[in-house]
Amino acid sequence: MTVQLNHTIVVAHDKRASARFLADILGLEVSPPYGPFLPVEIPNGVTLDYMDSPGAITPQHYAFLVSEDEFDQIFARIQEAGLTYWADPFHSRPGEINHNDGGRGTYFDDPDGHRLEIITRPYGSGG
């Protein structure tokens, strides 16, 4: 058996709103609750399990590898939602996408400040 990431917990002030945000932007579905978690399953089988947390939230980074067509669709939803997006993880190039490794990528934040990223080429893949 090879090692695979199965799930990760994403803390949120409102797990329903945050799970719905991710699912809507990426074009996915929110799964039924599982205990205290509200999962969003990514097509490769990994789930992001949203959990309510009343305290301060330390922003985490979640990057999603998508096809060129998916990038166009997701990026259109980012723009339609009026979200600020950046070409870099430091939020220093607003309103831009990047072309790292010959692909396209952009960063945007979820309602709790988690830093989300979509890329069409894995880092270090050339181009």
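Scope of this entry: the structure provided in the associated data block. (Residues numbered from 1 in each chain as written. Predicted model: local features only at pLDDT ≥ 70, side-chain atom pairs only at ≥ 80, totals over all residues. Heavy atoms only, no water.)

## Considering the nonpolar core
Consideration 1: Core analysis: the biggest nonpolar cluster contains 25 residues, and Leu-22, Leu-26, Leu-48, Tyr-50, Phe-64, Phe-108 and Ile-118 have the highest contact counts within it.
Consideration 2: Those residues in contact with Tyr-50 that lie beyond four places of it in its chain are Val-10, Ala-12, Lys-15, Ser-18, Ala-19, Leu-22, Pro-36, Phe-37, Leu-38, Val-40 and Asp-110. (Core = buried A, V, L, I, M, F, W, Y, C linked by side-chain atoms within 4.5 Å. Buried < 20%, exposed > 50% of the residue type's maximum accessible area, 1.4 Å probe, protein only. Contact = heavy atoms within 4.5 Å.)

## Overview of the environment of Gln-4
Consideration 1: Residue placement: Gln-4 occurs in the segment before β1 (7-12).
Consideration 2: Note on Gln-4: relative accessible area 64%, which makes it exposed.
Consideration 3: Linking Gln-4 and Val-46, residues 42 residues apart in sequence, is a C-alpha distance of 8.7 Å. (Helix = DSSP H or I, 4+ residues; strand = E, 2+ residues; numbered from the N terminus.)

## Regarding the packing of aromatic side chains
Consideration 1: For the structure on display, the rule yields two aromatic pairs.
Consideration 2: Measuring from centroid to centroid gives 5.7 Å for Phe-71 and Phe-75, while their planes differ by 20 degrees, and the two rings are stacked. Residue Phe-71 and its partner Phe-75 are both found in helix α2 (residues 68-80); the two are separated by four residues, about one turn of the helix. Here Phe-71 and Phe-75 have matching classes, each one buried.
Consideration 3: Look at Phe-75 and Tyr-85: their rings are 4.9 Å apart centre to centre, the planes differ by 80 degrees, and that puts the pair in the edge-to-face class. In this pair, Phe-75 is assigned in helix α2 and Tyr-85 in strand β5 (residues 85-86), connecting sequence segments ten residues apart.
Consideration 4: Look at Phe-75 and you get buried, because its relative accessible area is 14%.
Consideration 5: The buried category is assigned to Tyr-85, whose relative accessible area is 14%.
Consideration 6: One aromatic cluster is present, formed by Phe-71, Phe-75 and Tyr-85 through successive ring pairs. (Phe/Tyr/Trp six-rings, centres within 6.5 Å; stacked < 30°, edge-to-face > 60°.)

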